[in-house]
Amino acid sequence: MSGGFNEIHPEPTTFWSKYIISFDHKVIAKQFLWYGIFFLGLGGMMALLIRWTLAYPGVPFPLLGNLMFPDSAGVVPPDTYAMLFTMHGTIMIFYAITPILIGAFGNFCIPLMIGARDMAFPMLNMLSFWFAFLSGVVLLISLGLPLGAAAGGWTSYPTLSTIIGQPGLGQTLWSLAIFLFGVSSTMGAVNYVTTVITLRAPGMGYFDMPLTVWGLWLTAILNAIFVPVLGAGVILLMLDRVFGTTFFLAGASATSGNGDPVLFQHVFWIFGHPEVYILILPAWGIVSDLLSFFSRKPAFGAKATALAMTAVTILSTLVYGHHMFTTQMSPLLTQSFMTLTMTISIPSAIFFANWLGTIWKGSIRFDSPMLFSLGVVFVFGLGGLTGLHLGTVTTDLYLHDTYFVVGHFHYTMAASVLLGGYAGIYFWFPKMFGRMMHEGMAKIHFWGSMIGLNGIFFGMLMVGYGGMHRRIYNPFVYESLQRLIPINTFITISAIVMGLFQIVFVINFLYSLKKGPKATQNPWEVGTLEWTIPSPPVHHNYDVIPVVKCGPHELGNPNLKTGRDFQYQTEELVQG
Amino acid sequence: MRRSEIQHGLGMTMVLISGTMLFATLLMGYAIYRTSATAWPPVGTNPISLGFPILSTLTIVLSSYFMRKVRMESGDLKKAKMNLDTTLVLGFLFMGLQTLFWNELKNSGLLVSSGIFSSVLYGFTWIHAAHVVMGLMSLLWLRFVLKTGTRNLDVKVLNVEKFWHFLGVIWIIMFLTLFVL
Amino acid sequence: MNWFTLSMPPKDISTNGHLIDGLWNYTTALCIFYFVLVCIGLFGFSFLYSRKRHKTPYYTYGNKKQHIIATAVIGAAVFLTIDLNITRLASNDLLNTFWKYPDPATEKVLRVEVLAQQWMWSFRYAGEDGQFATADDVVTNNDLRVPVGTKVLFHLTSKDVIHSFFVPNVRMKVDTIPGRVTRIWWDANVPGTYDIACAEMCGNPHYLMKAALTVYTEEDFQKWMKTSEAMAKNTNDPDNKNLAWGWKWEI
Ligand code: HEA
Ligand code: HEA
Ligand code: CUA
Ligand SMILES: [Cu+2]
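Let us look at the structure shown here. Everything numeric in this text was worked out from a predicted model, so none of it was measured. (Residues numbered from 1 in each chain as written. Chains lettered and ligands numbered in written order. Predicted model: local features only at pLDDT ≥ 70, side-chain atom pairs only at ≥ 80, totals over all residues. Heavy atoms only, no water.)

1. With respect to the overall build of chain C
The helix and strand tally for chain C stands at four helices and 10 strands. Its C-alpha radius of gyration of 26 Å places chain C more than 25% over the 18 Å reference for a compact globule of 251 residues. C-alpha extents for chain C along the principal axes are approximately 90 × 40 × 40 Å. By the burial criterion, 52% of the 251 residues in chain C qualify as buried. (Helix = DSSP H or I, 4+ residues; strand = E, 2+ residues; numbered from the N terminus. Rg over C-alpha atoms; globule rule 2.2 N^0.38 Å. Buried < 20%, exposed > 50% of the residue type's maximum accessible area, 1.4 Å probe, protein only.)

2. Some words on the interface of chain B and chain A
With 32 residues of chain B at the contact, the number on the chain A side is 39 residues. Across the interface of chain B and chain A, roughly 2900 Å² is buried in total on both sides, 72% from carbon and sulfur atoms. Counting across the interface, chain B meets chain A through zero salt bridges. For the interface between chain B and chain A, the tally reads five residue pairs in polar contact (both at pLDDT 80 or more). For the side of chain B that touches chain A, the elements supplying multiple residues, two or more each, are helix 1 (3–36) and helix 4 (116–148) of chain B. The leading source of residues in the side of chain B that touches chain A is helix 1 of chain B, at 19 residues. When grouped by side-chain class, the residues that make up the side of chain B that touches chain A number 17 nonpolar, 12 polar and three charged. (Contact = heavy atoms within 4.5 Å. Buried area = accessible area lost by both parts, 1.4 Å probe. Salt bridge = Lys/Arg side-chain N within 4 Å of Asp/Glu carboxyl O. Polar contact = N/O pair within 3.5 Å; in protein donor to acceptor, adjacent residues only side chain to side chain. Nonpolar A, V, L, I, M, F, W, Y, C, P; charged D, E, K, R; others polar.)

3. Structural notes on the coordination of the iron atom of ligand 1
Residues and elements named next belong to chain A. Among protein atoms, the single one acting as a donor to the iron atom of ligand 1 is His408 (NE2), 2.2 Å away. Taken as a pair, the iron atom of ligand 1 and the copper ion (ligand 4) lie 4.5 Å from each other. With respect to the element layout, His408 can be found in helix 14 (residues 403–433). (Donors = N, O, S within 2.8 Å, 3.2 Å for Na, K, Ca; no water.)

4. Focus on the coordination of the iron atom of ligand 2
Residue and element names in this part refer to chain A. Within the protein, the iron atom of ligand 2 binds to His88 (NE2) and His410 (NE2); these donor distances fall in the range 2.0 Å. Here the iron atom of ligand 2 is ringed by six donor atoms whose angles at the metal span 87 to 178 degrees, and the overall shape comes out octahedral. Of this pair, His88 sits in helix 4 (residues 78–114) while His410 sits in helix 14, and the two are 322 residues apart along the sequence. Summarising the burial analysis for this pair, His88 and His410 share the class buried. (Tetrahedral: all angles 85-135°; square planar, octahedral: opposite > 155°, others 65-115°.)

5. What to know about the arrangement of the chains
Counting contacts across all two pairs of chains that touch, the top pair turns out to be chains A and C. A gap remains between chain B and chain C, which never touch, and the nearest two C-alpha atoms on either side lie 11 Å apart.

6. Overview of the pairing of strand 9 (residues 192–198) of chain C
On a regular strand, each side chain points to the face opposite its neighbour's, so the side chains alternate between the two faces of the sheet. Residue and element names in this part refer to chain C. The buried fraction of strand 9 is high, at five of seven residues. Across two bridges, the pairing between strand 6 (residues 163–167) and strand 9 is antiparallel. Bridge pairing in strand 9 links Phe165 to Cys198. Where strand 9 meets strand 10 (residues 210–216), six bridges bridge the pair, whose relative direction is antiparallel. Within strand 10, the residue paired with Ile196 across the bridge is Ala211. (Pairing = 2+ DSSP bridges.)

7. Brief notes about the sheet that holds strand 10 of chain C
All names here are of chain C. Read from one edge to the other, the open sheet built from five strands follows the order 4-10-9-6-7, with strand pairing classed as mixed. Each having just a single partner strand, strand 4 (143–147) and strand 7 (172–176) make up the two edges of the open sheet. Averaged over neighbouring strand pairs, the angle between their axes works out to 25 degrees when direction is ignored. Sheet topology note: the strand 4/strand 10 ladder contains five bridges and is parallel. Along strand 10, the bridge assignment pairs Val146 with Val215. (Axes fitted to C-alpha atoms, helices over the stretch in contact; angles between N-to-C directions.)

8. Let's talk about the interface of chain C and chain A
Where the parts come together, the accessible area they lose is often given as the size of the interface. Each side of the interface is counted separately: chain C has 85 residues, and chain A has 97 residues. Summed over both sides, the interface between chain C and chain A buries roughly 7900 Å², with carbon and sulfur atoms accounting for 68% of that surface. Of all residues in chain C, Trp24, Tyr59 and Tyr207 of chain C bury the most surface against chain A, accounting for 10% of the area lost on that side. Here chain C is connected to chain A by three salt bridges. For Asp260 of chain A, the salt bridge is made with Arg180 of chain C, and the minimal N-O distance between the two is 3.1 Å.

9. Here's the deal with the site of ligand 2
All names here are of chain A. Lining the immediate environment of ligand 2, one finds 33 residues, of which Arg51, Tyr81, His88, His410 and Arg471 sit closest. With respect to ligand 2, the backbone of Trp154 contributes an N or O atom lying 2.7 Å from an oxygen atom. Secondary-structure elements contributing two or more residues to the shell around ligand 2 are helix 2 (25–55), helix 4, helix 14, helix 15 (439–465) and helix 16 (485–515). (Near = heavy atom within 4 Å.)

Remember, this is a structural readout, not a statement about activity or role.
Structure (structure tokens):
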């Protein structure tokens, strides 16, 4: 028997082995959670700087401006602006959302929800976190460089990201950081996939897994396959920058260039498009589960939802070209990518229908995790549907690289995935830390965020359709865009509102960690495996590996005689 | 099969899938460069001599053969160690040959920065070599483990072997596409 | 003006821009339709089936025949209205219009070569001899002038990094890529001055990389062209490497 296979390891006793170099998936999950929240805050602060600049160009940033930009009297300078949105995008995607949704929930939920004592490879799991940590450190160092951090956009298209456009060390460190993060993600993915396949509790078939696990599992598969593609891309980019190869160099400014800058775009999006589903699949999974749990009835068409998510996973590998319509690929490719992109709306519509079917005729409890899940349905509707405008080649010719795109992906990522993440945090916090979060503050956080983010992102869609393109320091050098000043101001105010309400979350989180009421074993009254054990679970999770006898969503069964309206997965399904 | 065997086999499969995707991306890039180039190698480049690449290929194939024997004869620890040592020596020889090859390229005037042709030659062999270094490290680790003994020895031998074969296969594909074709 | 009108795109000055606007409107109408459906479900069910109003949930897996049919109908509706129709309309527009590059041999076309560089647009007209990359080419910087109602065919490339040639008023953009030539065509029907923007991040002053598009009446354009050609003959310096960036026009 080897390392990870469901044995009971002795509990580590020293501080070092318990909290730092921990092999325990629950501790690693918490490490990822802190890591993610830290970077979420950092990325969010950057977003506020971005927004301030866009609404009030040339006006010093209040309070902190003079501290951060003494040379320009507190005004964000143009080169800093470019670094800001580059780092904002990079940090939010790789260092905030990925650690929270995949690092934290993946580690915490997968073993607990499938009835395992730990991941298949605990040591790899530990390494995965520390690689991510290293990567984060490299990224943070790059922020302090004299020539500044990377400033070519999170997509880092060459030739801008080669020496021609980014002479500083920042872009090199960016590539290195992304590569290290890729190694970390791949390690995590290897672990998740293996764990789900080999360590499911006896009796648990694939369709008995909670949909959260489905989402995380599909995510891990995509990660294992496509992160190395980005890895190859950034290695070549690094070679170009450090050793003078010319993989991505071309044109008159490249001395010996006969490479191909567009190749990087292909490589980036072969990874990049699956990446956006990597981010959202866990959120879809969480939402599908929570809607059922809090409607007190089985997930509507759970099998179809799982299969639809699988279909999206498969399709997501085939549509990447929709990010490159304006580079003029061959007509055949262009049309195929458009058609395939549109096809994704069908599985999406199916699980939307299932989500609505789940709350239909339920007995809905509006606890905070449920509110956030319902919020996801709302914002992902908007985010997904605006994807259609972009997937259509002709309209994309106008919308590409405008704020319409920015609005679309903030709705899908910064709204849907973020709210999904919050739903997960509110839901599993009791199990993670053994205490309840404050419900009132959670509700304030929800409504404040909903108002804030819809203000921001709908505003973005509007200015985008109005013709404002992205990544510009001062849009109002274009006379035709000056009419959009009021809307931009409105977006910025919404962003500040959004930011303020995130503080409520942070306070709630920290407060509940110390002072929250002790959580019972099963505060939400649901039947998946993690709720059959104490909160927080003991080191080895399960004293006895549970045997699974029914599905994860057995709620509201009228035949139940136990006085509960749900049954645990370890109980035989009660039939009439 | 035992559960832990399945588990480690699966884990290794995922690692190899990831590795394959990395090299597949490189080869896709190569295909695009090659098909869109007017001449390959570009006009004015001396044809590269195949001496060292051929030797490298032979070495890595041979090393794979001995690596395979490690597991076949793992009942006999002494033999296993000897085969592993041979694999290690051949592995280091491979790295040596690669270094000689790079030197030869450099001396023939083909520098890293001389354009896309040399970028591909150097870049791809470097990336492969970096993986060989990782392979050598796992071989050394296995050598250590063989000496000290461990649980699940056969699973570990099998996984290192798979990784080593993988490196060999990638090299052969690179040899065929970059040098022969 | 209210925000709704403010956020409408700038005035469409081309013959075919309405195709893009039309498809946008169609897509948006569909999106609103589906989103309203989602909202009805979301808010309606939340209201009707809250714990207060609806004590006992309806125990179902959603695998009854009518459930499956309902889901399938939604899927099929999305397929028919969204997938099939939008894809078909867009493909038609592409094949019949946007990808039908005008042929200078058979119709009246103004050809322009475009060089993007950090952070400037340069435009090159063939000049008197009708040949590009010759000494009499008319070259302008950040200043594109075209006659009204004439198809303009652009061949574009970039000197350093990727830029994107974006003319909001004709609803079109195309990337300019170092080492390759991309093309785009459109026409402008309303005389006036408009913005040309660079839409792809190309360095810190990316936001400053704008050019002016002037749409002239036919006479004004000819007048301007004549003076420019004369000026070009006098002042063009074929040895100046910076100005001689043109290339032979190829199809
Ligand atoms: C989590 C992230 C996420 C998700 C889920 C999506 C989902 C989708 N995205 Fe998005 N996208 C991004 C993140 C995401 N995207 C990012 C980050 C970028 C830009 C990166 C950059 O350039 O910096 C981008 C850019 C982007 C582009 C490129 C735009 C451009 O640069 O020009 C395109 C083009 O096709 C596109 C399309 C789509 C489509 C078709 C979907 C589809 O999956 C959406 C499917 C969903 C639906 C269609 C809605 C569901 C259906 C219904 C509601 C039907 C009704 C149902 C009932 C009535 C019950 N996206
Ligand atoms: C998941 C990813 C994600 C998230 C959550 C966000 C969140 C936000 N984003 Fe971001 N954004 C991207 C991903 C994301 N974004 C990407 C990929 C790009 C493209 C980059 C590129 O072009 O290369 C982009 C670009 C982008 C732009 C375009 C820049 C440009 O093109 O010029 C803008 C402009 O308004 C913007 C704004 C915002 C705002 C206002 C938020 C708000 O939602 C943020 C609100 C959150 C906060 C304000 C956090 C407050 C938190 C605290 C107060 C807690 C503090 C905690 C601690 C200290 C522990 N973003
Ligand atoms: Cu040129 Cu942006
Ligand atoms: Cu995409």
